[in-house]
Amino acid sequence: MKQKIRDILSKHGGLPVPVDQLADDADLYAAGLSSFASVQVMLGIEDAFDIEFPDSLLNRKSFQSIAAIVRAVESLAGAEAAE
């Protein structure tokens, strides 16, 4: 899952640094992630994992780091599986 998220960040994040050089807990906004790019990343993640981010997760904190994105996707994937 983490590698898939890194791939999506590489494709849609527009980061000026290679994603593979970022630690899982590195601040993606400090690394150059823009608000627009975070929306593109979110759409890529929704498509790749067949999930939908609820309004409660549409915030900077959810996309702050790769680790934060993994937690959000895991919580949504678990909720989807429970339905």
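Residues numbered from 1 in each chain as written. Predicted model: local features only at pLDDT ≥ 70, side-chain atom pairs only at ≥ 80, totals over all residues. Heavy atoms only, no water.

**What about the pattern of salt bridges?**
The condition is simple: Any carboxyl oxygen of Asp or Glu that lies within 4 Å of a side-chain nitrogen of Lys or Arg is treated as forming a salt bridge with it. Starting at the N terminus, helices and strands are each numbered in turn, a helix being any DSSP run of H or I of at least four residues and a strand any DSSP run of E of at least two. Only protein chains enter the accessibility calculation, which uses a 1.4 Å probe; a residue whose area is less than 20% of its type maximum is buried, one above 50% is exposed, and one in between is partly exposed.
What the rule picks out here adds up to 2 salt bridges. Across the pair Lys2 and Asp24 runs a salt bridge whose closest N-O atoms are separated by 2.9 Å. Of this pair, Lys2 sits in helix α1 (residues 2–12) while Asp24 sits in the loop between α1 and α2 (35–49), and the two are 22 residues apart along the sequence. Residue class for Lys2 comes out partly exposed when judged on its relative accessible area of 39%. The salt bridge partner of Asp24 is Arg6, with a shortest N-O separation of 2.6 Å. Taken as a pair, Asp24 in the loop between α1 and α2 and Arg6 in helix α1 lie far apart in primary sequence, 18 residues in all. On the basis of relative accessible area, Asp24 is assigned to the partly exposed category, the value being 26%. Salt bridges linked by common partners bring Lys2, Arg6 and Asp24 together as one network.

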